[in-house]
Amino acid sequence: MENKQSTITKKIARHGNQAIIVVPKILEDKLKPGTLTQVTINVLEENKR
């Protein structure tokens, strides 16, 4: 059975006025449009601005 869980650590990016998370290209095959996923966010470090 194929591993269906991945853990990534990312900085939050900006897209206009929105904060976004960019998914790595290596996960592109697993995350096709319409795929149901569960995303859990743990804040590891806050931006000190």
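So, how was this worked out
Residues numbered from 1 in each chain as written. Predicted model: local features only at pLDDT ≥ 70, side-chain atom pairs only at ≥ 80, totals over all residues. Heavy atoms only, no water. Helix = DSSP H or I, 4+ residues; strand = E, 2+ residues; numbered from the N terminus. Buried < 20%, exposed > 50% of the residue type's maximum accessible area, 1.4 Å probe, protein only. Contact = heavy atoms within 4.5 Å.

Draft legend 1. How the structure looks around the overall build of the chain. Across its full length, the chain carries 0 helices and 2 strands. A buried classification covers 2% of the 49 residues belonging to the chain.

Draft legend 2. Representation of the environment of Ser6. Residue position: Ser6 is located in the segment before strand E1 (13–15). Taking the C-alpha atoms as reference points, Ser6 and Leu44, separated by 38 residues in sequence, lie 17 Å from one another. Not counting the four nearest positions on each side in its chain, Ser6 is found in contact with Leu27 and Lys30.

Draft legend 3. View of the environment of Val43. By secondary structure assignment, the location of Val43 is in the segment after strand E2 (18–20). What makes Val43 exposed here is its relative accessible area of 63%. Along the sequence, Val43 and Ile12 sit 31 residues apart, while their C-alpha atoms lie 10 Å from each other.

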